[in-house]
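Architecture and fold: a report
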Amino acid sequence: MLVLRCSWRRTQVKHLLDCHSTWASSCAGVKQRMSSSHPVAAVCQVTATPDKEANFAACKRLVQAAKESGASMVFLPEGFDYIGSSREETLDLSEDLTGQTISRYAQLAKKLGVWLSLGGFHERGHDWVMDRRIYNSHIIINEKGDIVTVYRKSHLFDVELPARGVSLKESGFTIPGPSLIPPVHTPIGKVGLGICYDLRFPELSLALVRQGAEILTYPSAFTVATGAAHWCCSGPGLLRPSALSLRQHKWAVIMKSVRRTAMHWLWTPGAW
């Protein structure tokens, strides 16, 4: 987990805690307690499994540690609820927004008095009984435990890499989201919502910033092969064109969860 102290009036980031976690073990503890008049955001890194109960227990510990560190908003990555081992398992484990998983996170947010960014969540589609298709949903919950908004991923990720043994077709079981969602007013600023592959499309960032977004978020869960291609090789270059052309926004946050590794990126336009 990386906890960040953010100053919205000046482009600066102070790294206060860098503690990586897997689903099997929680963060060892907070190294340094934060005290600041500025809002604090916590970005949590996790490695998901099909075990939803273990996943929730690990995320709960991370959210509690972030709150104890002074965070007013906590970000969890795509697949925070689970990563299925097959298409059928992924579909079978999915839930509605009124299901147990989101209800538990809403209760956690209310108990701790903290905002949560949850996404992407495997949300059952409106015609689930008929077509067994889901949405990839980014959910914002406020400190009262209320769902403030839900963004459903627009750009679905289909890729064939025979040499690396990768064959993914998100469009085969996922419904593309119908529209963008206006930036959300949160304790840390106005947050624009995206998910994973959306970062490839700068028009989305442009639209969000025109609507006043100060923070752009792209929770992600790439495979090991595609993740390495994105982060180890091209890395920040994926968002650089958008960030350089959108000097108004303060941060672009990527949270990544994969089966074997976890990482995230945070950029500011002034970094290049």
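Below is a short write-up of the structure.

Thresholds, definitions, all that
- Residues numbered from 1 in each chain as written.
- Predicted model: local features only at pLDDT ≥ 70, side-chain atom pairs only at ≥ 80, totals over all residues.
- Heavy atoms only, no water.
- Helix = DSSP H or I, 4+ residues; strand = E, 2+ residues; numbered from the N terminus.
- Buried < 20%, exposed > 50% of the residue type's maximum accessible area, 1.4 Å probe, protein only.
- Contact = heavy atoms within 4.5 Å.
- Polar contact = N/O pair within 3.5 Å; in protein donor to acceptor, adjacent residues only side chain to side chain.
- Phe/Tyr/Trp six-rings, centres within 6.5 Å; stacked < 30°, edge-to-face > 60°.
- Lys NZ or Arg CZ within 6 Å of the ring centre and 35° of its normal.

Considering the environment of Thr101
Within the fold, Thr101 resides in helix α3 (residues 100-112). Its relative accessible area of 11% is what places Thr101 among the buried residues. Separated by 20 residues in sequence, Thr101 and Phe121 place their C-alpha atoms 9.4 Å apart. Here Thr101 is in contact with Lys52, Phe80, Asp81, Glu95 and Phe121, once residues within four sequence places are set aside. At 2.8 Å, the side chain of Thr101 and the side chain of Glu95 are in polar contact.

Observations concerning the packing of aromatic side chains
In the structure shown here, the tally under the stated rule is four aromatic pairs. Relative to Tyr105, the ring of Phe56 has its centre 5.0 Å away and its plane inclined at 85°; by these criteria the two rings are edge-to-face. One end of the pair, Phe56, is in helix α1 (residues 52-68); the other, Tyr105, is in helix α3, and 49 residues separate them in sequence. Classification of Phe56 as buried rests on a relative accessible area of 11%. With centroids separated by 5.4 Å and ring planes inclined at 85°, the aromatic side chains of Tyr197 and Phe201 adopt a geometry described as edge-to-face. Judged by its relative accessible area of 21%, Tyr197 falls in the partly exposed class. In this structure an aromatic cluster arises from ring pairing among Phe56, Phe80, Tyr105 and Phe121. For Arg152, the ring lying beneath its charged end belongs to Tyr135, and the centroid distance is 5.1 Å.

Observations concerning the side chain of Asn142
Within the element layout of this structure, Asn142 appears in the loop between β6 (134-141) and β7 (147-152). The exposure class of Asn142 is buried, given its relative accessible area of 11%. A polar contact of 2.9 Å, which involves the side chain of Asn142, links it to the backbone nitrogen of Lys144. Leaving out residues up to four positions away in the same chain, Asn142 has contacts with Ala109, Val114, Trp115 and Val148.

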